[in-house]
Amino acid sequence: MLLKRSARPWKDADPLISVVVPMYNVAEYVADSLDSILRQPVSQFQVIVVDDASTDGSREIVERYAAEHGRIQLVCLPERSGVSTARNVAMPLCTAPYVTFVDPDDELPADAWSAMLKTLKKTGSDFVVGKAERVSTERRYVTPLMQRNHAERRLGITIEDAPLMLADVFVWNKIFTREFWERAAIHFPERTRYQDQVALTQAFLAAKKFDVITEIVYEWRFRHDLSSATQRRIEITNIRERRQTKFMTLEMVREHGSAEIMEVLLREILPIDMWEHYRAVRLGDDEYWHVLRDMQIQIWNDESVPFELTTVPVQQRLMGVLVAQDRRDDLLTLIDYLDALPGGLQFEEVDGERQAVLPFRDDARIPRAAYVVG
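This one's a predicted model, so the numbers in the text were calculated from it and none came from an experiment.

Chemist: What's the story with the pattern of salt bridges in this structure? I'm lost.
Modeler: Any two side chains of opposite charge can pair, given that their charged atoms come close. Across all of its chains, the model carries 28 salt bridges by this definition. One salt bridge connects R87 with D103, and the closest N-O pair in it is separated by 3.1 Å. Note that R87 is positioned in helix 3 (residues 83–90) and D103 in the loop between strand 5 (98–101) and helix 4 (114–123), a separation of 16 residues in sequence. Comparing R87 with D103, the two get one shared label, buried. Ionic pairing is found between E219 and R140, a salt bridge with its closest N-O pair at 3.4 Å. Of this pair, E219 sits in strand 10 (residues 210–221) while R140 sits in strand 7 (residues 140–141), placing them 79 residues apart in sequence. With relative accessibility at 15%, the residue E219 sits in the buried group. A network of salt bridges, in which partner residues are shared, links R327, D330, D363 and R365.

If you want it as structure tokens, here you go:
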């Protein structure tokens, strides 16, 4: 692969941190993103922007920044290759002892790195994980799962100490030591939109120890133009790639050999985003349904964890059961029912159990656990 590099590569002999920025058609956002990086109080850093054949003027914007700021290096891929390739291309160019990532449509808070670097220097851990804030034009918030994982400061832990950290499938709210990244041979799988989950699962499982801090270190933009990969659930390639990365994650955890981690993965982590795929069924075709159902029954079954016993909300558990039972029309009926509820779910006591009032409760084919709450 022939690469075009900017004329002014990094000149400082000893940057403290390398920042990898994969870029494709983000002309509306990339200047603000780079400005947020350049404002960081940690002065010794290099920025490696890998342009994945942008066509909207993004490259020209970064060229101007690279000409003005010697710490920014632009690498241009000759053809569209995907974010994984862009990140993988950047890694050998990182010269600093620490490495972090920024997506060019996101921004960093005023001081994203100081607490993270201070923690790593204190503990000698392989990487540190900070909290990310979701940002839209309407509000800012931290997701409940992110709040749960960052409720307290935890230093020098392993994934056995905190299996739920495997749900943190984002590369950009972390700083890694470059030595660890190279030792663990972490690689982003290419030609898939869900590369972070595979690479981060590899990192968590390989780490001798990592740190979790409570500070917000990243501002994750919600793009209403639906151009973000995770917002395009309906595409058949999307569901195929999601199935592939879930299977890859399962295999890595299986090889790791911890029954406890596997249990958390199946019950609490892998089901988290399934509801989005269930809802996409309305607009998807027959192929979409078959791929979704194949993923459902291969991952959640009587030999692993039945979907009705996962920890996602009760209405999502019922959706998963209907998918497994090949009841496409009933799934759409359930979704219509949920969308028409005026005040949210209703509950009632049945045989000493609190159950959600949802369709098909008298259907003997559906396990009672699909309706039980708490």
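Chemist: It is not clear to me how the environment of K121 should be interpreted in this structure. Could you clarify?
Modeler: Within the secondary structure, K121 sits in helix 4. With 215 residues separating them in the primary sequence, K121 and D336 have C-alpha atoms 53 Å apart. Excluding anything up to four places from it in sequence, K121 contacts L16 and Y98.

Chemist: It is not clear to me how the side chain of S18 should be interpreted in this structure. Could you clarify?
Modeler: One can find S18 in strand 2 (residues 17–23). For S18, the side chain forms a polar contact with the main-chain nitrogen of T95, separated by 3.4 Å. Polar side-chain contacts of S18 include one of 3.2 Å to the backbone nitrogen of A96.

Chemist: How should the nonpolar core be read in this particular structure?
Modeler: Among soluble globular proteins, nonpolar side chains are generally buried collectively. Formed by 119 residues in total, the largest nonpolar core has its most connected members in I37, F101 and W113. With residues near it in sequence (within four places) discarded, F101 still touches V20, R87, M91, V171, W172, F176, W181, F188 and Y218.

Chemist: Even after reading the chapter, I still don't get the domain arrangement of the protein, so can you show me in this structure?
Modeler: For an interface, size is often stated in terms of accessible area lost upon the parts coming together. Looking at the assigned domains, one finds that the protein contains domain 1 (1–104), domain 2 (109–230) and domain 3 (271–370). A C-alpha centroid distance of 30 Å is found between domain 2 and domain 3.

Chemist: It is not clear to me how helix 7 (residues 195–206) should be interpreted in this structure. Could you clarify?
Modeler: Since one α-helical turn is 3.6 residues long, residues separated by three or four positions face the same way. In this model, helix 7 (twelve residues) spans 17 Å end to end at C-alpha, consistent with the 16 Å of a helix rising 1.5 Å per residue. With eleven of twelve residues buried, helix 7 is to be regarded as a mostly interior element. Looking at helix 7, one finds that the buried residues are Q195, D196, Q197, V198, A199, L200, T201, Q202, A203, F204 and L205.

Chemist: What is the right way to look at the state of the cysteines in this model?
Modeler: Here is the idea: a disulfide is a covalent bond, and it sits between the sulfur atoms of two cysteines. For the structure shown, the criterion picks out zero disulfides. Summary of cysteine pairing: C76 is not part of a disulfide, and the nearest cysteine sulfur, belonging to C94, is at 17 Å. Overall, the relative accessible area of 8% leaves C76 in the buried class. Overall, the relative accessible area of 3% leaves C94 in the buried class.

Chemist: Quick question: what am I supposed to make of the environment of S114 here?
Modeler: Here S114 is to be found in helix 4. Beyond its immediate sequence surroundings of up to four residues, S114 is in contact with P41 and V42.

Chemist: Would you mind going over the packing of helix 12 (residues 314–324) against helix 13 (residues 328–340) with me for this structure?
Modeler: The description of two packed helices rests on the angle between their axes and on the distance between the axes. Interhelical geometry of helix 12 versus helix 13 gives an angle of 165 degrees and a closest axis separation of 9 Å. Regarding the angle of helix 12 to helix 13, the classification is roughly antiparallel. Crossing geometry of helix 12 relative to helix 13 is assigned as left-handed. Residues Q315, L318, M319, L322 and V323 of helix 12 pack against D330, L331, L334, I335 and L338 of helix 13.

Chemist: Even after reading the chapter, I still don't get helix 4, so can you show me in this structure?
Modeler: For helix 4, the set of buried residues is M116, L117, T119, L120 and T123. Here the buried residues of helix 4 occupy an arc of 160 degrees about the axis, which is enough to place them on one side. Seen from the open side of helix 4, the exposed residues pointing more than 90 degrees away from its buried face are K118, K121 and K122. Among the structural elements, strand 5, strand 6 (127–135), strand 8 (154–157), strand 9 (174–177) and strand 10 are those in contact with the buried residues of helix 4. A positive backbone phi angle near 70 degrees is found at G124, which sits one or two residues after helix 4.

Chemist: Looking at this structure, I do not really get the UniProt feature "domain: Glycosyltransferase 2-like" (unreviewed entry) in the protein. What am I missing?
Modeler: UniProt feature "domain: Glycosyltransferase 2-like" (unreviewed entry): in the numbering of this structure it lies at residues 18–147. Helix makes up 32% of residues 18–147 and strand 25%, with an end-to-end C-alpha separation of 27 Å.

Chemist: In this structure, what is going on with the environment of E276? I would like to understand it.
Modeler: Of note, E276 is situated in helix 10 (residues 274–280). Separated by 40 residues in the primary sequence, E276 and Q316 have C-alpha atoms spaced 9.5 Å apart.

About the thresholds
- Numbers given to residues run from 1 along each chain, matching the order in which its sequence is written.
- For a predicted model such as this one, the threshold for reporting local features is a pLDDT of at least 70, and the threshold for listing and counting side-chain atom pairs is 80 or more; totals across whole chains, interfaces and linings nevertheless cover every residue.
- Processing note: side-chain calculations cover all non-hydrogen atoms of the structure and skip hydrogens and water entirely.
- For this analysis, a salt bridge means a side-chain nitrogen from Lys or Arg found within 4 Å of a carboxyl oxygen belonging to Asp or Glu.
- By definition, any uninterrupted DSSP run of H or I lasting at least four residues is a helix, any uninterrupted run of E lasting at least two residues is a strand, and each is numbered from the N terminus.
- Three labels apply to residues, based on accessible area from a 1.4 Å probe with only protein chains included: buried if under 20% of the type maximum, exposed if over 50%, partly exposed otherwise in between.
- Note on contacts: a residue pair qualifies if any of its non-hydrogen atoms lie within 4.5 Å across the two residues.
- Here a polar contact means two N or O atoms within 3.5 Å. Within protein one must be a hydrogen donor candidate and the other an acceptor candidate, and residues neighboring in sequence count only if both atoms are side-chain atoms.
- In this description, a nonpolar core means a group of buried Ala, Val, Leu, Ile, Met, Phe, Trp, Tyr and Cys residues linked to one another through side-chain atoms lying within 4.5 Å.
- Domain extents, as shown, originate in an automatic or database domain assignment.
- Each residue after the first adds 1.5 Å to the expected span of a helix.
- Cysteine sulfur atoms that pair up within 2.5 Å are treated as a disulfide.
- Helix axes use the C-alpha atoms of the stretch in contact, all axes being lines fitted to C-alpha atoms, and the angles between their N-to-C directions lie in the range 0 to 180 degrees.
- Here roughly perpendicular refers to angles of 65 to 115 degrees, roughly parallel to angles under 35, roughly antiparallel to angles over 145, and oblique to all remaining angles.
- In this scheme the handedness of a crossing depends on how the near helix is turned from the far one: anticlockwise by less than a right angle means left-handed, clockwise means right-handed.
- Arc definition: directions from the helix axis to the C-beta atoms.
- UniProt positions are given in the numbering used here, feature names are shortened, and annotations may be inferred rather than shown by experiment.

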